[in-house]
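Spelled out from the first residue to the last, the chains are:
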Amino acid sequence: MSKGQQSQEQLSELEKAMDAIIDVFHQYSRREGDRDTLTKKELKMMIDKQLANYLKHVKNKATIDQIMKDLDVNKDAQINFGEMMLLVTRVTCATHEHLHEVEDHQHQHQHQHQQHHH
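Residues take numbers from 1 onward in each chain, read along the sequence in its written order. Local features in this predicted model are restricted to residues whose pLDDT is 70 or higher, and side-chain atom pairs enter the listing and the counts only when it is 80 or higher, whereas totals over whole chains, interfaces and linings include all residues. Side-chain metrics rest on all non-hydrogen atoms present in the structure, leaving aside hydrogens and water.

With that settled, the discussion passes to the pattern of salt bridges. The term salt bridge refers to a side-chain nitrogen of Lys or Arg lying within 4 Å of a carboxyl oxygen of Asp or Glu. Across all of its chains, the model carries six salt bridges by this definition. Across the pair Lys44 and Asp48 runs a salt bridge whose closest N-O atoms are separated by 2.8 Å. Within this pair, Lys44 and its partner Asp48 are both found in helix α2 (residues 40-50), separated by four residues, close to a single helical turn. Note that Asp70 and Arg90 form a salt bridge whose closest N and O atoms lie 2.8 Å from each other. Of this pair, Asp70 sits in helix α3 (residues 64-71) while Arg90 sits in helix α4 (residues 81-106); the two residues are 20 residues apart in sequence, bridging distant segments of the chain. When accessible area is computed with a 1.4 Å probe and restricted to protein chains, residues below 20% of their type maximum are described as buried, those above 50% as exposed, and intermediate ones as partly exposed. By relative accessible area, which is 45% here, Asp70 ends up partly exposed. A helix here means a DSSP run of H or I that spans at least four residues, while a strand means a run of E at least two residues long, and both kinds are numbered starting from the N terminus.

Have a look at this one:
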């Protein structure tokens, strides 16, 4: 799966993360049905394998059916890459918040705005 093999050294951390997301999406989207979308089965497999730790940070626990319905903006019973990114964004934001909560408990806030209000 070479993406025109542009030399990896030039990629930033963020770009490498984007590449990783795209690669993971394709690992699952190619298994059945349309090669560029996730069926419910593929989505479930991806969530079970790839989001096992961080999905816990999302406050409202949703079933796979609810997640599927929620993400499937165009209602075609498939999850395309943009729709999958909604889930990635949600989980990433929830994880970011979770890290803040953990940091706040330890009183080591790494962000620039050093406000410690008690």
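After that view, the rundown keeps rolling.
Turning next to the nonpolar core. The nonpolar side chains of a soluble globular protein tend to be buried with one another. Core analysis: the largest hydrophobic core is formed by 18 residues, its most contacted members being Leu38, Leu43, Ile79, Met84 and Leu87. Broken down by secondary-structure element, the contributors of at least two residues to this core are α1 (13-29), α2, α3 and α4. Considering every element that reaches this core, the biggest residue donor is α4, with five residues. The criterion used for residue contact is that any of the two residues' heavy atoms lie within 4.5 Å. If we ignore the near neighbours within four places in the chain, the residues touching Leu87 are Leu43, Ile47, Leu51, Leu55, Ile67 and Leu71. Only buried residues count toward a nonpolar core. Its members are Ala, Val, Leu, Ile, Met, Phe, Trp, Tyr and Cys residues joined through side-chain atoms within 4.5 Å.

Moving on to the packing of α1 against α2. Angular values range over 0 to 180 degrees, each being the angle between N-to-C directions of two axes fitted as lines to C-alpha atoms, with helices fitted over their stretch in contact. Packing of α1 against α2 brings their axes to within 9 Å, and their N-to-C directions diverge by 130°. Classified by the angle their axes make, α1 and α2 are oblique. α1 and α2 meet at a crossing whose hand is right-handed. For the pair formed by α1 and α2, the contact residues are Val24, Gln27, Tyr28 and Ser29 on the first element and Glu42, Met45, Met46, Lys49 and Gln50 on the second. In the contact of α1 with α2, the residues fall into four nonpolar, three polar and two charged. The cut-offs work like this: below 35 degrees is roughly parallel, past 145 is roughly antiparallel, 65 to 115 is roughly perpendicular, and the gaps in between are oblique. In this scheme, a crossing is called left-handed if the near helix is turned counterclockwise away from the far one by less than a right angle; it is called right-handed if the turn is clockwise. Note that Gly is not counted as nonpolar here; it falls among the polar residues with everything else outside the nonpolar set of Ala, Val, Leu, Ile, Met, Phe, Trp, Tyr, Cys and Pro and the charged set of Asp, Glu, Lys and Arg.

What follows is about the packing of α2 against α3. Relative orientation of the contacting elements α2 and α3 amounts to 110°, with a least axis distance of 10 Å. As the angle between them shows, α2 and α3 are arranged roughly perpendicular. For the pair α2 and α3, the sense of crossing is right-handed. For the pair formed by α2 and α3, the contact residues are Lys40, Leu43, Lys44 and Ile47 on the first element and Ile64, Asp65, Ile67, Met68 and Leu71 on the second. Residues that form the contact of α2 with α3 fall into these classes: six nonpolar, no polar and three charged.

The backbone phi angle of Lys75 is positive, close to 55°, even though this residue is not glycine. Mapping Lys75 onto the fold places it in the loop between α3 and α4. Exposure remark for Lys75: the relative accessible area of 63% places this residue in the exposed category.

All right, on to the environment of Asp65 then. Mapped onto the elements, Asp65 comes out in helix α3. Taking the C-alpha atoms as reference points, Asp65 and Lys44, separated by 21 residues in sequence, lie 9.2 Å from one another. N or O atoms closer than or at 3.5 Å make up a polar contact, with two conditions inside protein: a donor-capable atom paired with an acceptor-capable one, and, for residues adjacent in sequence, both atoms drawn from side chains. Here Lys40 takes part through its side chain, which lies 2.4 Å from a polar atom of the side chain of Asp65.

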